[in-house]
Amino acid sequence: MSRIKIIMYHYVRDLPNSRYPKIKGMNIVDFKKQLGILINAYKIISMDELIAAINGEIQLSENSAMLTFDDGYIDNYTNVLPILEENDCTGSFFIPGKTFTEHKLLDVNKIHYILACADKKDILSDLFEKLNFYRGQEYAIQENDELYDQYAVPSRLDDAETIFIKRILQNALPEKLRNKIASELFEKYVGVDEEKMAYELYMTEDQVLSMKRRGMYIGLHGYDHYWLEKLSEDEMKKDIDQAINVMSPFMEKDKLVFNYPYGSYNERVLKYITEKGILLGLTTKRGIADIAKDPLLELPRIDCVDVAME
Ligand SMILES: [Zn+2]
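What you see is a predicted model; the values in this text were computed from it and never measured. (Residues numbered from 1 in each chain as written. Predicted model: local features only at pLDDT ≥ 70, side-chain atom pairs only at ≥ 80, totals over all residues. Heavy atoms only, no water.)

Draft legend 1. Spotlight on the layout of surface pockets. What the largest pocket holds in volume is close to 1,300 Å³. His-10, Leu-157, Asp-158, Lys-166 and Asp-303 are, among the 44 residues lining the largest pocket, the residues nearest its centre. Counting only elements with at least two residues in the lining of the largest pocket, the list comes to strand S1 (3-9), helix H5 (107-117), helix H6 (120-134), helix H8 (160-172), strand S9 (280-286) and strand S11 (299-303). If one sorts the elements of the lining of the largest pocket by residue count, H8 sits on top with 5 residues. For the lining of the largest pocket, the residue count by class is 19 nonpolar, 10 polar and 15 charged. For the lining of the largest pocket, the domains that each give at least three residues are domain 1 (3-103 + 204-309) and domain 2 (107-196). Here the second largest pocket defines a volume of roughly 230 Å³. Surrounding the second largest pocket, 18 residues form its lining, Lys-98, Asp-107, Lys-110, Asn-179 and Asp-224 being those nearest its centre. (1 Å grid on protein atoms, 1.4 Å probe; cavity = no way out; pocket = protein on both sides within 12 Å on 5 of 7 lines; lining within 4 Å. Points joined across faces, edges and corners; volume = space filled by probe spheres on them. Helix = DSSP H or I, 4+ residues; strand = E, 2+ residues; numbered from the N terminus. Nonpolar A, V, L, I, M, F, W, Y, C, P; charged D, E, K, R; others polar. Domains from an automatic or database assignment.)

Set out below in structure tokens:
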């Protein structure tokens, strides 16, 4: 057999009782329940076993699944790890280097928290106001309605307005400007010190090391969690180099796996990570991976909310 269901998780926490119940994530009880169902229906394998299967050293069993966790959240350590250990399972954790080296919030998380704390109509009107303010200063910015037409394209999981807010703050504006606007909105709606929040949100280096020692797989998820396809060649290489550099204490050279932030990559990214000796790449394309047919640097995954449907 060559097919494997690679499941993607992000936040796993006691959402209703948390400070930010509107954060989109999985409740701990639901994670436990889903894991129970998966254990009954699948053989949950480790990254080492998947790599061994790719190298032809073992066979995948008929129903194989693997659990992946993106972004290095502390709730992966406090909530997920004990549940995995109780069930004799391992998971693979993909950690942006910046989270534990600099203790700064990634844009992706700033945006999640802004959306969890404010009404999207208010965010939208602030965003348009700020675009008007900064337009023509040192930045060339398209007109608001042009931007809206281009970026407000609803996805399966987000409506048009939410996607617009995300895209404007993730990649549509120049980096310096979107950081500035995201920080202003974060300050206004979330109002928590960013560094303090970073310590509350991400695993520390010791926790990552503890994960590794307890048999979990640790892999690459960029350094700054950028949309890699949107970066210049130099910026893209710098981000990947930085990621490999800070993550190397947790990884083995012949077992490097790169999980693309936002699922964003292109031919240049694939070429560069091949040069760097990366063996597997995980995308956000939806599907069951087939190690005999899929390009190994472009394996699809299934989001945890879609597990029951696939
Ligand atoms: Zn991510």
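Draft legend 2. Fine view of the state of the cysteines. Here the structure, examined in full by the defined rule, presents 0 disulfides. Cys-304 provides the cysteine sulfur closest to Cys-89, a residue in no disulfide bond, and the two sulfurs are 15 Å apart. (Disulfide = S-S within 2.5 Å.)

Draft legend 3. View of the coordination of the zinc ion. Around the zinc ion, the protein contributes the donor atoms Asp-71 (OD), His-221 (NE2) and His-225 (NE2), which lie 2.1 Å from the metal centre. Written as a sequence motif, the donor residues of the zinc ion are D-x149-H-x3-H. With respect to class, His-221 is no different from His-225; both count as buried. (Donors = N, O, S within 2.8 Å, 3.2 Å for Na, K, Ca; no water. Buried < 20%, exposed > 50% of the residue type's maximum accessible area, 1.4 Å probe, protein only.)

Draft legend 4. Focus on unusual backbone geometry. Within the chain, His-225 stands out as a residue other than glycine whose phi angle is a positive 60°. When you line up the elements, His-225 lands in the loop between strand S7 (217-220) and helix H12 (233-247). Classification of His-225 by relative accessible area gives buried; the value is 6%. Here the phi dihedral of Tyr-262 falls at roughly 55°; this positive angle occurs in a residue that is not glycine. Structurally, the position occupied by Tyr-262 is in the loop between strand S8 (257-259) and helix H13 (267-275).

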